[in-house]
Amino acid sequence: MGGTCSQPAEPEHTDECALRTAPHREHAPSAAVHLPPGKLLEPIRSETTEQLASHEAWWEALSKGSRNRVWEQLKEVTPLPPAPTRPTAVGDLVQLSGVPGQPAIDGKGAKVLSLGTTNELELELEGEDRRRLWAPASSATLLPTFPEIGVSLAFLREFCVEHKDYLRDKSTNEVCDLIIKPLCASAQSSLAELVQRVERKSMCSQKPFTGKATLFVSHARQHNFLRLINALEAHILSLPESEGVFVWLDVFVMNQYKSADTPKPAIWWTEILREAIGSIGNSCLVLSSWDVLTPLSRTWCLWELACVAQTGATLNVALGSADSARFEQALREDFETTASSLSRIDIRHAQACLESDKKKILEVAESTVGLSKLNDQVLHLMRGWLVKAGKKALIKLPEQQRGTSRTLFYLARLLKQQGQLVESEALWRECVAARRREFGARNQRTLAATGCLAMVLRERGNLDEAESLYQANVTIEREMLGVRHPTTLVSMNNLASLLQDRGKLDDAEELQRE
């Protein structure tokens, strides 16, 4: 036996002596989603949202035959003339090319520190060493600013209704290539900028389609587009101020003709993207299915979530209405497997549409926070979301089931993993009390909860009570299971470790010899 504590597992049945660990489940890739007609195109009724005050009027307005021409006219908009290039200023972020005698830094990013008198710039190069150098201003190209524009729920709906004949079974990537790019081909801009430029408004409310982004969306582009919109719609309508929500969704707000032209330098990821996510302040991870967490296996999504964690932005997770119901059921019936699925997050094994993006993100992550720490940041963020979801699921349980439920057991464990020890202790106390009443003090489920409560008490410094609980568990398990049973050995190890920490070395050694 070593000197570290092992957390007791939750037995599957009350009569099982062996402690169970949730099986590792491999999820099959998502199959094509076949949506029945009108499934996601019917507007959702809402008596509290002004935008949807008249269900019939909204649907009638969108059903007019003239609307097709309105969208088709976007294809005729010509590009804006190039904006005049402003002089480089201190603090600007630039990308380098053709610096005399330094071909190795072509494509690198840098920050402008000062302006020289001979049309030269003092720069701080990206990377760990932050090397400083002077370079001709002609070798530094200003990096584009991050688009702050977002699109409204009305825009998302009207886009779907207009193109409903083409959207069925299409992924977001396919929608981008088949619909969005052709609409923007002439203007050579993002679709959001294009509709803003021609002052397009909702046909129902006559409110602008675009505004400053208030919700950053992270998603997997290979997933079904209509499921993405359905999940976003459900999330937006759950917000108190849904009228003022403008969604930053890459396929609409990024210029699809320029976004992949030139590989982005590391400073774009660490400065521009991260600061933009922090500035927007609210993010939404869209899952096409609660049990197939594809976005968490995508390099882009993991970096975006890391930016959310690093900037303190709020994370929301959106699911479609059907998946939300299934997710709530899973939290009640199999919280452990849902939580353990998050442990497979690893940016090292994540994928990206462009191999160059994956390579750059991994380089940036390694040189800034480190790959392991980034995984930890994303895991902590996702566990925080799961804690909130678990609390909601717990509230919905009948009072007589709450204390003995697996939901409460694994929520208490998750709170401990998150460092929320006060809340964890309160739930463990409730769990132990309920299980003692329902199953008795000598039941395996009661003993597992008691051991977990002792661990939290130890971390909180309540060593006397922790020792008492460990001692009680060891006594009962020796009698019921025998000294050599794995469950008994776990409890003996935990007690010995605590005794050792308290300076009771003789007692600890006696346990260890056993």
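Data block above holds the structure.
Residues numbered from 1 in each chain as written. Predicted model: local features only at pLDDT ≥ 70, side-chain atom pairs only at ≥ 80, totals over all residues. Heavy atoms only, no water.

Draft legend 1. Fine view of the sheet that holds strand β1 (residues 93-96). In spatial order, the strands read β4-β3-β2-β1-β5; together these five strands make up an open sheet with antiparallel pairing. The sheet is open, and its two edges are formed by β4 (132-136) and β5 (140-142), each paired on a single side. Averaged over all pairs of adjacent strands, the angle between strand axes in this sheet comes to 50 degrees, irrespective of strand direction. When β1 meets strand β2 (residues 109-115), the two strands line up antiparallel, connected through three bridges. Paired with Val94 across the strands is Ala110, a residue of β2. Along the sheet, helix α9 (residues 266-280) makes contact with β1 and β2, crossing β2 at roughly 70 degrees. (Pairing = 2+ DSSP bridges. Helix = DSSP H or I, 4+ residues; strand = E, 2+ residues; numbered from the N terminus. Axes fitted to C-alpha atoms, helices over the stretch in contact; angles between N-to-C directions. Contact = heavy atoms within 4.5 Å.)

Draft legend 2. The arrangement of the nonpolar core in detail. Counting 131 residues, the largest nonpolar core has Phe159, Leu191, Phe225, Leu249, Phe252 and Met382 as the members making the most contacts within it. When near neighbours in sequence (up to four residues on either side) are disregarded, Met382 contacts Leu285, Leu296, Leu305, Leu315, Val317, Leu342 and Ile345. Counting residues in hydrophobic clusters, the runner-up holds 13 residues, among them Ile105, Leu133, Ala135 and Ala137. (Core = buried A, V, L, I, M, F, W, Y, C linked by side-chain atoms within 4.5 Å. Buried < 20%, exposed > 50% of the residue type's maximum accessible area, 1.4 Å probe, protein only.)

Draft legend 3. Seen up close, unusual backbone geometry. Here the phi dihedral of Gln188 falls at roughly 55 degrees; this positive angle occurs in a residue that is not glycine. Positive phi is not limited to glycine here, since Glu199 has a value of about 60 degrees. One can find Glu199 in the loop between α6 (191-197) and β7 (210-212). Here Glu199 falls in the exposed class, since its relative accessible area comes to 65%.

Draft legend 4. Region of interest: the packing of helix α19 (residues 463-481) against helix α20 (residues 486-501). With their axes 9 Å apart at the nearest point, α19 and α20 run at an angle of 150 degrees to one another. The angle between α19 and α20 falls in the class roughly antiparallel. Two packed elements cross with a definite hand, and for α19 against α20 that hand is left-handed. On the side of α19, the interface is formed by Leu463, Ala466, Glu467, Tyr470, Gln471, Asn473, Val474, Glu477, Arg478 and Leu481, while α20 contributes Thr487, Thr488, Ser491, Met492, Asn494, Leu495, Leu498 and Leu499. Considered class by class, the residues forming the contact of α19 with α20 number nine nonpolar, six polar and three charged. (Parallel < 35°, antiparallel > 145°, perpendicular 65-115°, else oblique. Left-handed = near helix turned anticlockwise from the far one by under 90°. Nonpolar A, V, L, I, M, F, W, Y, C, P; charged D, E, K, R; others polar.)

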